[in-house]
Amino acid sequence: MTPENLIWIAMLLPLVAIALVFIIGEKSPNIRESCTIGIAVTLFWVTTRLAGFVFSGGRPSFKMGEMLPGFEIAFTVEPLGMLFALVASGLWILTTVYAIGYMRGHHEKNQTRFYACFASAIFAALAAAFAANLFTLFVAYELMTISTYPLVTHHGDEKAKKGGRIYLGILLSTSVAFFMLAIAWTWTVAGTLDFTPGGILAQPNIDGKISDFQLSVLLGLFAFGIGKAAIMPFHRWLPAAMVAPTPVSALLHAVAVVKVGVFSILKVSIYIFGIDLISETRLGEGANPIMMSDWLCYLAGATILLASLVAMTKDNLKARLAYSTISQLAYITLGAALATSDSVIGGGMHIAMHAVGKITLFFCAGAIYVGAHKTNISDMRGLGRAMPLTMGAFLLATLSIIGLPPGGGAWSKWFLALGTVQTGHFWLLAALMISSLLNIAYLIPIPIRAFMTPAGEAPMKFKEAPMMCVVPLCITAVGSVALFFFGNEIYDVLLPIATSAR
Amino acid sequence: MIEQLPVLVIVIPLMAAPLFVLIGNRKLVLLLTQLVCWTVFGITVSLLSRMQYGPISYELGGWPSPYGIVYNVDYLSAFVMLFVSGLGAIVITYAPKSVEREVHHSKHSLFYASYLLCMTGLLGMCITGDLFNVFVFLEISSLSSYALISLGKTRRAPLAALHYLIIGTVGATFFLIGIGLLYQMTGTLNMADIASRLQAVESSRTMLVAFAFMTVGLFIKMAVFPLHTWLPNAYTYAPSVVTCFIAATATKVSVYAFIRLIYVIFTPQFAFERLPLDSALMAFSLVGIFVASAAAIYQTNIKRLLAYSSVAQIGYMLLGISMSNVGGLTAGITHMFNHALIKGGLFMVVGCFALRIGSLKLEDLRGAGKTMPLTSFAWVVGGLGLIGVPMTAGFVSKWLLLTSALSLELWPVAVLMLLSSLLAVVYIWRVVEILYFSPASHLAKTAKEAPMAMLIPTYIVIGSTIVFGCWTVYSAGIAHAAAESLLGISQMGGVQ
């Protein structure tokens, strides 16, 4: 199979899954779920094959055709998108296994719709990861918003309706009001929307068509328009999305949806503006002109700290994890805004590191809910004795989120910190450090208390969640540590995105 | 036979209508009406497919123009005729069950005859190259639509029809006055002939007055804000089938006549440079979009909600037309087509609700997502199209409009247009939440899913909004060709 064919095969597979899930339906849930798992495994295999080509320097591309005159749906795979696709497709397998345990353990309704929407979200994630131009990326982005709405409102009650309203309201309005405008503006200025190494706005033919100040405004339209990156003040949708069943929160609101957001921001920074353009364009006069993206750096820094602080106040585990995600996403936005080669690689790396770590934490939250019916952290004292595997996994993943070795997150945070130093943003370096401390403060006590504190009324007997839930979360927990030992490899595969500039 | 197609598209339904009144057997009339509609659709398809060999000019009775009446088929008219007859055919296929319930049995053959006449009038407005003929067809379609609306079940239907009749007649009269003045100045009624003689008299005040009368007359028929007051009641109280057809086609054909007026008879230079019609149009469109969308949000009747949305959507078409470049015109024409599909489809969904639930109040639709899953899902898909989500037809027109606004550096227009489309999210999603997340009303609880005979046509239209959202060769592509030829014509007019 040529890599070109692998692209469309990879994107076709989730669609096949949707069709199969609907055809089989509620008649035989076992066959329905094994189809999903079978396709997820095939998809992962296909993406690894594709990764082999891409990481060794290939840039396979595939054109679907023109959707509108002059606007093509086309796909080109580059390392950043490949890494994202690998993470999403790999975790889809584990999440499906986990979802079987969770959804059945919990007697959820409408499981056919659930698995179908799940597959369509994966389709959208892949389409976004492989997108060759902003137009394709936008289409995939919006498709993802729509296809995840039924997942967020899965329970169909008043709370779900409210959550869904905020979810759809914020994501749709930001993308229509800002993102779409930014894309159309880029198109009128540059005449193309293709992701180009070095950035299409940095090309010589753009000179004079857009002023430095306008560039900064355009960056703002992108940063706020890509609401999935959850930069404050457009972050409210993410906690609202937590009304969804936990597998959704795990794969979509820790991995696929939010990562599409930050991934898009990285893509815009690298391939639309070009990191050199961002770091060399200065606003203001005098001795110390500021970088055009400085405001975004500080906004990301503020989001990192504020979200961490809010996370500390949340007693509901999923809500705390949601705010932690907002904070961690801002790291990646920060990497894009700092626009040095180390910072964008750090950002790209954090997509993978945070994904594996955070999905573990959400898996644990769901397992605790299924196994012990607890959602509040204050009720989890002594739970470590009943659920040692779950809580152990939680501890390992926490290391990665905080950025402590041997957690994978240590590397990405290291490169992001390098980026702040290289650009002289020492306040942001301080923000990163403080945030790590805050991470420790709001995450570590959970497993510690679970193991150390004597249980109040909590059951002392060993009672884990179903195996279908526990096994995936153990795998991802081990994975989040294992990634620490592959830091160098990930750095190497991502290196081309930063050096192919010019 | 082939060369007679341009006239057959009018003659067949026009002759069939009175014949059907004479037949009177409602089953037979229904069958024959469907046959006629699909035949006409077939003719328009073959006319459009002939456009690649250039426009067709058909001289009625062999009288050469400008002495006789000519029928002109070019990309634009063929395209508009195609979707008018296409929706006409699909709606009449969908109609029987709904008409059975909403229209009194004794009126059925009259109903179908009026339906055919209405379609004839709309098609005639598209095809004719004679200005007075446009007026005649405008009146044919208007009078028959007054009749159709008055057949609605409630007693408010005749009142709504009367209201429409009064305002609509004012509009038609204005249009006629304009034609009279034009005839006085140029001595001809043939559009191309008028265009070639206008140069000499363009600067006269009479021309300005004629243009103003015709524009306002058409604005009334288009239901441009603030001349839209007839529309919400007419749409709400008409039988569902009538609303589907009229909402999808009638206002668009008036938009079409307006495009002809500006780009073929007069010139864009006259309309947009001598007169500040472009900025006035933009202002009216944008205000209309916001006001009507906001009004839609507060409606309690689903049909009236869609009616206000229609008033808003006309604004997007006029925005595109007022840009007077190929991009804007393409966007406007594409949106005529896309909106015809989307709004036609949504009203068909509403017709399904009307049949099974018997009420169109939003509170009675609560929880219908459970009992009528297919119908409700069609609403979601059509609604996404109206909002303009990617991969739906609505996105295509929105994107075209946005890019051409930005290429003209009309920043406020671009921003306001995007913001206004968020209002559509509110009124569409309000209904979605009512359908899916509310405890079922007693009417919705016992409702059955709509019959396949209605669902299949509905899904064909709703599905086509997805098809034309992903694949635009035959929507934006044809609109682009039409826009180019319109601007080409007007440039030649400028040279003469």
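Residues numbered from 1 in each chain as written. Chains lettered and ligands numbered in written order. Predicted model: local features only at pLDDT ≥ 70, side-chain atom pairs only at ≥ 80, totals over all residues.

Caption draft 1: Just the overall build of chain A, in detail. Looking only at helices and strands, chain A has 20 helices and 4 strands in total. Relative to a compact globule of 502 residues, whose C-alpha radius of gyration would be 23 Å, chain A shows 22 Å and is just as compact. Seen along its three principal axes, the alpha-carbon backbone of chain A occupies a region of about 70 × 50 × 45 Å. The buried share of chain A, reckoned over its 502 residues, is 62%. Restricting the contact set of chain A to residue pairs at least 6 apart, pairs at least 24 apart contribute 80%. (Helix = DSSP H or I, 4+ residues; strand = E, 2+ residues; numbered from the N terminus. Rg over C-alpha atoms; globule rule 2.2 N^0.38 Å. Buried ≥ 20, exposed ≤ 12 C-beta atoms within 10 Å, placed from the backbone. Contact = placed C-beta atoms within 7 Å.)

Caption draft 2: Structural view of the overall build of chain B. Secondary structure assignment for chain B yields 21 helices and 2 strands. Relative to the compact-globule value of 23 Å for 496 residues, chain B shows a C-alpha radius of gyration of 21 Å, a close match. Overall size of chain B, expressed as C-alpha extent along the three principal axes, is 70 × 55 × 40 Å. Within chain B, the fraction of its 496 residues that count as buried is 64%. Sequence-distant contacts, at least 24 apart, represent 80% of the contacts inside chain B between residues at least 6 apart.

Caption draft 3: Inspection of the interface of chain A and chain B at higher detail. Facing 21 residues of chain A, the contacting portion of chain B comprises 27 residues. When contributions to the side of chain A that touches chain B are tallied by element, the ones reaching two or more residues are strand 1 (61-68), helix 5 (134-152) and helix 6 (158-190) of chain A. Top element by residues in the side of chain A that touches chain B is helix 6 of chain A. It accounts for 12 residues. A class-by-class count of the residues in the side of chain A that touches chain B yields 16 nonpolar, 3 polar and 2 charged. (Nonpolar A, V, L, I, M, F, W, Y, C, P; charged D, E, K, R; others polar.)

Caption draft 4: Up close: the packing of helix 3 (residues 79-105) of chain A against helix 4 (residues 111-130) of chain A. Residue and element names in this part refer to chain A. Packing of helix 3 against helix 4 leaves a shortest axis separation of 9 Å and a crossing angle of 170°. Put simply, helix 3 runs roughly antiparallel to helix 4. Contacts between helix 3 and helix 4 involve Gly81, Phe84, Ala85, Ala88, Trp92 and Met103 from the former and Gln111, Phe114, Ile122, Ala125, Leu126, Ala129 and Phe130 from the latter. (Axes fitted to C-alpha atoms, helices over the stretch in contact; angles between N-to-C directions. Parallel < 35°, antiparallel > 145°, perpendicular 65-115°, else oblique.)

Caption draft 5: Just the pairing of strand 1 of chain A, in detail. Residues and elements named next belong to chain A. Two strands pair when backbone bridges link them, and strand 1 and strand 2 (residues 71-76) are joined in this way by 6 bridges, in the antiparallel orientation. Along strand 2, the bridge assignment pairs glycine 65 with isoleucine 73. Connecting strand 1 to the next strand, strand 2, in antiparallel fashion are 2 residues, including glycine 70 with a positive phi near 90°. (Pairing = 2+ DSSP bridges.)

Caption draft 6: Geometry of the environment of phenylalanine 486 of chain A. Assignment of secondary structure puts phenylalanine 486 of chain A in the loop between helix 19 (467-482) and helix 20 (487-499). The sequence separation of phenylalanine 486 of chain A and isoleucine 275 of chain A amounts to 211 residues, and the corresponding C-alpha distance is 25 Å.

Caption draft 7: Representation of the pairing of strand 2 (residues 70-73) of chain B within the structure. Residues and elements named next belong to chain B. Burial along strand 2 is two-sided: the face carrying Val70 and Asn72 and the face carrying Tyr71 and Val73 are both buried. Examined bridge by bridge, strand 1 (residues 56-59) and strand 2 share 4 bridges and lie antiparallel to one another. Within the sheet, the bridge partner assigned to glutamate 59 lies in strand 2 and is valine 70.

Caption draft 8: Main features of helix 4 (residues 108-127) of chain B. The first and last C-alpha atoms of helix 4 of chain B sit 29 Å apart over 20 residues, in line with the 28 Å expected at 1.5 Å per residue. Where burial is concerned, most of helix 4 of chain B is hidden: 20 out of the 20 residues are buried. (Expected span 1.5 Å × (residues − 1).)

Caption draft 9: Structural detail: helix 9 (residues 246-273) of chain A. Residues and elements named next belong to chain A. In the structure, helix 9 departs most strongly from a straight axis at leucine 252, where the bend amounts to approximately 45°. In terms of burial, helix 9 is a largely internal element, 28 of the 28 residues being buried. Just downstream of helix 9, glycine 274 is the residue with a positive phi angle, here 90°. (Bend = angle between axes of the 7 residues up to and from the residue.)

Caption draft 10: Layout of unusual backbone geometry. Residue proline 406 of chain A follows proline 405 of chain A across a cis peptide bond; omega there is 0°. A cis amide bond, omega 0°, links phenylalanine 225 of chain B with the succeeding residue proline 226 of chain B. Locating proline 226 of chain B in the fold gives a position in the loop between helix 8 (205-222) and helix 9 (230-237). With phi around 65°, alanine 223 of chain B is a residue other than glycine that occupies positive phi space. Checked against the element boundaries, alanine 223 of chain B lands in the loop between helix 8 and helix 9. Overall, alanine 223 of chain B belongs to the buried group, with 27 C-beta atoms counted inside 10 Å.

Caption draft 11: Examining the environment of valine 201 of chain B more closely. Residues and elements named next belong to chain B. Counting through the fold element by element, valine 201 comes out in helix 7 (residues 191-201). For valine 201, a count of 14 C-beta atoms within 10 Å translates into the label partly exposed. C-alpha separation for the pair valine 201 and serine 46, spaced 155 residues apart in sequence, amounts to 39 Å.

Caption draft 12: The nonpolar core, seen in detail. If you look at the biggest cluster of nonpolar residues, it comprises 422 residues, and the most contacted ones within it are Ala88, Ala125, Leu126 and Ala128 of chain A together with Ile149 of chain B. Excluding residues that lie within four positions of it along the chain, alanine 128 of chain A makes contacts with Leu137, Ala140, Tyr141, Met144, Val260, Phe263 and Ser264 of chain A. (Core = buried A, V, L, I, M, F, W, Y, C linked by C-beta atoms within 7 Å.)

Caption draft 13: Broad picture of the packing of helix 13 (residues 302-322) of chain B against helix 18 (residues 411-437) of chain B. All names here are of chain B. Where helix 13 contacts helix 18, the two axes come as close as 12 Å, and the packing angle between them is 165°. When the interaxial angle is binned, helix 13 and helix 18 end up roughly antiparallel. Between helix 13 and helix 18 lies a crossing of left-handed hand. Facing helix 13, whose interface residues are Ile302, Leu305, Ser309 and Leu319, helix 18 presents Val413, Met417, Ala424, Tyr427 and Val431. Looking at side-chain class alone, the contact of helix 13 with helix 18 contains 8 nonpolar, 1 polar and no charged residues. (Left-handed = near helix turned anticlockwise from the far one by under 90°.)

Caption draft 14: Representation of the confidence of the model for chain B. All names here are of chain B. For chain B, per-residue confidence averages 89 on the pLDDT scale, and residues scoring 70 or more make up 98% of the total. When the criterion is pLDDT under 50, residues 490-496 qualifies, and its contacts beyond four places in sequence or with other chains add up to 9 contacts. Taken over the whole predicted complex, pTM reads 0.91, whereas the ipTM for its chain interfaces reads 0.87. (pLDDT = per-residue confidence, 0-100.)

Caption draft 15: Quick look at the environment of glycine 382 of chain B. All names here are of chain B. One can find glycine 382 in helix 16 (residues 373-387). Linking glycine 382 and threonine 465, residues 83 residues apart in sequence, is a C-alpha distance of 7.3 Å. Excluding residues that lie within four positions of it along the chain, glycine 382 makes contacts with Ile342, Gly345, Leu346, Val349, Ile462 and Thr465.

Caption draft 16: Examining the confidence of the model for chain A more closely. Summing up the model confidence of chain A, the mean pLDDT is 85 and the portion of residues at 70 or higher is 97%. The least confident element of chain A, judged by mean pLDDT, is strand 3 (residues 282-283) of chain A at 76; the most confident is helix 5 of chain A at 90.

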